[in-house]
Amino acid sequence: MFAFNVDDEISLRLLDERYAGELLQLINHSREDLREWLPWLDSTTTPRHVAEFIQGAWMMYEERSGLRLGIFYHGRLAGMVGFNTIDWANRIGII
């Protein structure tokens, strides 16, 4: 599984479905702020929706077409970061 330690406090890693509820709580906490930037937000309302998002992140990772990672601060999920598209031929990624 992909994991990267940024420093002693922050790490980035692929999520598994056990984080669906926790990620949904983070989404709900910031839903109003995120709505402007994330068109899928209003259709993501249950842990099952988030689990499907996590499954999609794994598919992107396995296909090498993107990379969506959980941001962990002191071992707790704090958010997400990712490359939604990776173009290997042109060596670019879209954040």
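Bear in mind the structure is a predicted one, so any value in this text is a computation, not a measurement.

The rules behind the values
Residues numbered from 1 in each chain as written. Predicted model: local features only at pLDDT ≥ 70, side-chain atom pairs only at ≥ 80, totals over all residues. Heavy atoms only, no water. 1 Å grid on protein atoms, 1.4 Å probe; cavity = no way out; pocket = protein on both sides within 12 Å on 5 of 7 lines; lining within 4 Å. Points joined across faces, edges and corners; volume = space filled by probe spheres on them. Helix = DSSP H or I, 4+ residues; strand = E, 2+ residues; numbered from the N terminus. Nonpolar A, V, L, I, M, F, W, Y, C, P; charged D, E, K, R; others polar. Pairing = 2+ DSSP bridges. Axes fitted to C-alpha atoms, helices over the stretch in contact; angles between N-to-C directions. Contact = heavy atoms within 4.5 Å. Core = buried A, V, L, I, M, F, W, Y, C linked by side-chain atoms within 4.5 Å. Buried < 20%, exposed > 50% of the residue type's maximum accessible area, 1.4 Å probe, protein only. Arc of directions from axis to C-beta.

Where empty space is left in the structure can be found by rolling a water-sized probe over the atoms. The final tally for this structure, using the stated rule, is one cavity of 30 Å³ or more. There is about 30 Å³ of room inside the largest cavity. When residues in the lining of the largest cavity are grouped by element, the largest group, three residues, is from helix α3 (residues 47–63). The residue makeup of the lining of the largest cavity, split by class, is five nonpolar, no polar and one charged.

The strand order across the open sheet built from four strands is β1-β2-β3-β4, with neighbouring strands paired in antiparallel fashion. Of all strands in the sheet, those bounded by a partner on one side alone are β1 (3–5) and β4 (76–83). Here the strands of the sheet are splayed against their neighbours by 25° on average, with no regard to which way each runs. With three bridges connecting them, β1 and strand β2 (residues 10–13) associate as antiparallel partners. Each residue of the ladder has a partner; that of Asn 5, found in β2, is Ser 11. Sitting on the sheet, α3 is in contact with β3 (67–73) and β4, with an inclination near 120° to β3.

Core analysis: the largest hydrophobic core is formed by 12 residues, namely Leu 15, Tyr 19, Ala 20, Leu 23, Leu 24, Ile 27, Leu 41, Val 50, Ala 51, Ile 54, Phe 72 and Leu 77. Mapped by element, the contributors of at least two residues to this core are α1 (20–29) and α3. Per-element accounting of this core gives the leading share, four residues, to α1. In this structure, Leu 77 is in contact with Leu 15, Tyr 19, Glu 22, Leu 23, Leu 26, Gly 70, Ile 71 and Phe 72, ignoring residues within four places of it in sequence.

With respect to the element layout, Thr 44 can be found in the loop between α2 (31–34) and α3. Accessibility expressed as a relative area gives 9% for Thr 44, which makes it buried. Other than its neighbours up to four places away in sequence, Thr 44 contacts Leu 24, Ile 27, Arg 31, His 49 and Val 50.

Taken together, the buried positions of α1 are occupied by Ala 20, Leu 23, Leu 24 and Ile 27. One side of α1 holds all its buried residues, which, seen down the axis, span an arc of 105°. Exposed positions of α1 whose direction lies more than 90 degrees from the buried face are Gln 25 and His 29.

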